[in-house]
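# Coordinates in review
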Amino acid sequence: MKNKDMVSLVNEMIFQSYTAGRFNVRKLFTKMTAAEYTAVWVLSRDKEGDDGSRKIYLSDISEKLKLPMPMVSKMVRSLKDKGLVTWRHDGRGEDGTYILITAKGIRLATEQQEILVNFYKNVIESFGKEHFVDFIREISELEQFMNDELKKEGIYNEEQHS
């Protein structure tokens, strides 16, 4: 590939990332923040506990959201303070700490999900469902390639992404 083509592609990628980041999706989050919704969504996908509740260990949240544990703890503390989850531990805590989604958390996440679905329904219909699914898959693949390249360059900070 010619250097001129490479420069053009790189600049287009940076421009598209910048403009996509400017689309303020946060305005759609009226019931809870994007981070809270994502955390509750990850939690709600997890298997049910023995008592019928859904629980997820903080280490699993860290892995799934690719966040360092201090950030996960801060996020969970905020969710707990807002009554969206309860925070518990196995044994004395050495065996792991986990959270359970509350009825309030489920209610707010469901209300928030309705807002998001109403918005994205039109976007997906206009863009095309198959095209949208391919786009999401390709973004995920691109992120993996970029992370691999950052690791090769010694720039990737494993602690920030696990």
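Remember, it's a predicted structure, so these values are computed and weren't measured experimentally. (Residues numbered from 1 in each chain as written. Predicted model: local features only at pLDDT ≥ 70, side-chain atom pairs only at ≥ 80, totals over all residues. Heavy atoms only, no water.)

## A closer look at the packing of aromatic side chains
- For the structure on display, the rule yields 5 aromatic pairs.
- Geometrically, the ring pair formed by phenylalanine 127 and phenylalanine 132 is edge-to-face, given 6.4 Å between the ring centres and 90 degrees between the ring planes.
- Taken together, the ring pairs in this structure connect Phe127, Phe132 and Phe135 into an aromatic cluster. (Phe/Tyr/Trp six-rings, centres within 6.5 Å; stacked < 30°, edge-to-face > 60°.)

## Regarding the sheet that holds strand β3 (residues 97-101)
- Reading across the sheet, the 3 strands line up as β1-β3-β2 and stay open at both edges, with antiparallel pairing between neighbours. Here the strands that pair on one side only, and so sit at the sheet edges, are β1 (55-57) and β2 (85-89). Averaged over all adjacent pairs, the angle separating strand axes in this sheet is 30 degrees, with direction ignored.
- In this structure, β2 lies alongside β3, joined through 5 bridges in antiparallel fashion. Bridging across to β3, arginine 88 finds its partner in tyrosine 98.
- Here helix α4 (residues 69-81) sits on the sheet in contact with β2 and β3, set at roughly 125 degrees to β2. (Pairing = 2+ DSSP bridges. Helix = DSSP H or I, 4+ residues; strand = E, 2+ residues; numbered from the N terminus. Axes fitted to C-alpha atoms, helices over the stretch in contact; angles between N-to-C directions. Contact = heavy atoms within 4.5 Å.)

## Examining the environment of lysine 55
- Relative to the helices and strands, lysine 55 is located in strand β1.
- Separated by 42 residues in the primary sequence, lysine 55 and threonine 97 place their C-alpha atoms 9.8 Å from one another.

## A look at the packing of helix α3 (residues 58-65) against α4
- Between α3 and α4, whose axes approach to 9 Å, the crossing angle comes to 110 degrees. When the interaxial angle is binned, α3 and α4 end up roughly perpendicular. Along this stretch, α3 crosses α4, giving a crossing that reads as right-handed. Between α3 and α4, the residues in contact are Leu58, Ser59, Ile61, Ser62 and Leu65 and Met69, Val72, Ser73, Met75 and Val76, respectively.
- Broken down by class, the residue content of the contact of α3 with α4 amounts to 7 nonpolar, 3 polar and no charged. (Parallel < 35°, antiparallel > 145°, perpendicular 65-115°, else oblique. Left-handed = near helix turned anticlockwise from the far one by under 90°. Nonpolar A, V, L, I, M, F, W, Y, C, P; charged D, E, K, R; others polar.)

## Details of the nonpolar core
- Met32, Ile61, Leu79 and Ile99 are the most contacted members of the largest nonpolar core, which has 23 residues in total.
- For this core, the secondary structure elements donating two or more residues are α2 (34-45), α3, α4, β3 and α5 (103-127).
- It is α2 that contributes the most residues to this core, 5 residues altogether.
- The residues contacting isoleucine 61, other than those within four sequence positions of it, are Ile56, Lys66, Val72, Met75, Val76 and Ile99. (Core = buried A, V, L, I, M, F, W, Y, C linked by side-chain atoms within 4.5 Å. Buried < 20%, exposed > 50% of the residue type's maximum accessible area, 1.4 Å probe, protein only.)

## Remarks on the pattern of salt bridges
- Following the criterion strictly, the structure yields 7 salt bridges and no others.
- With a closest N to O distance of 3.0 Å, glutamate 141 and arginine 137 form a salt bridge. Note that glutamate 141 and arginine 137 are positioned in helix α6 (residues 129-153) at a spacing of 4 residues, about one turn of the helix.
- Residues participating in the shared-partner salt-bridge network are Asp134, Arg137, Glu138 and Glu141. (Salt bridge = Lys/Arg side-chain N within 4 Å of Asp/Glu carboxyl O.)

## Quick look at α6
- Taking 1.5 Å per residue as the helical rise, α6 with its 25 residues ought to reach 36 Å, and the 36 Å between its terminal C-alpha atoms agrees with that figure.
- Immediately downstream of α6, the backbone of glycine 154 shows phi near 75 degrees, a positive value. (Expected span 1.5 Å × (residues − 1).)

## Digging into α4
- Along its 13 residues, α4 runs 18 Å from first to last C-alpha, staying within 8% of the 18 Å computed at 1.5 Å per residue.
- For α4, the set of buried residues is Val72, Ser73, Met75, Val76 and Leu79. Down the axis of α4, the buried side of the element spans an arc of 165 degrees, and every buried residue falls inside it. α4 presents Pro70, Lys74 and Asp81 as exposed residues on the side facing more than 90 degrees away from its buried surface. (Arc of directions from axis to C-beta.)

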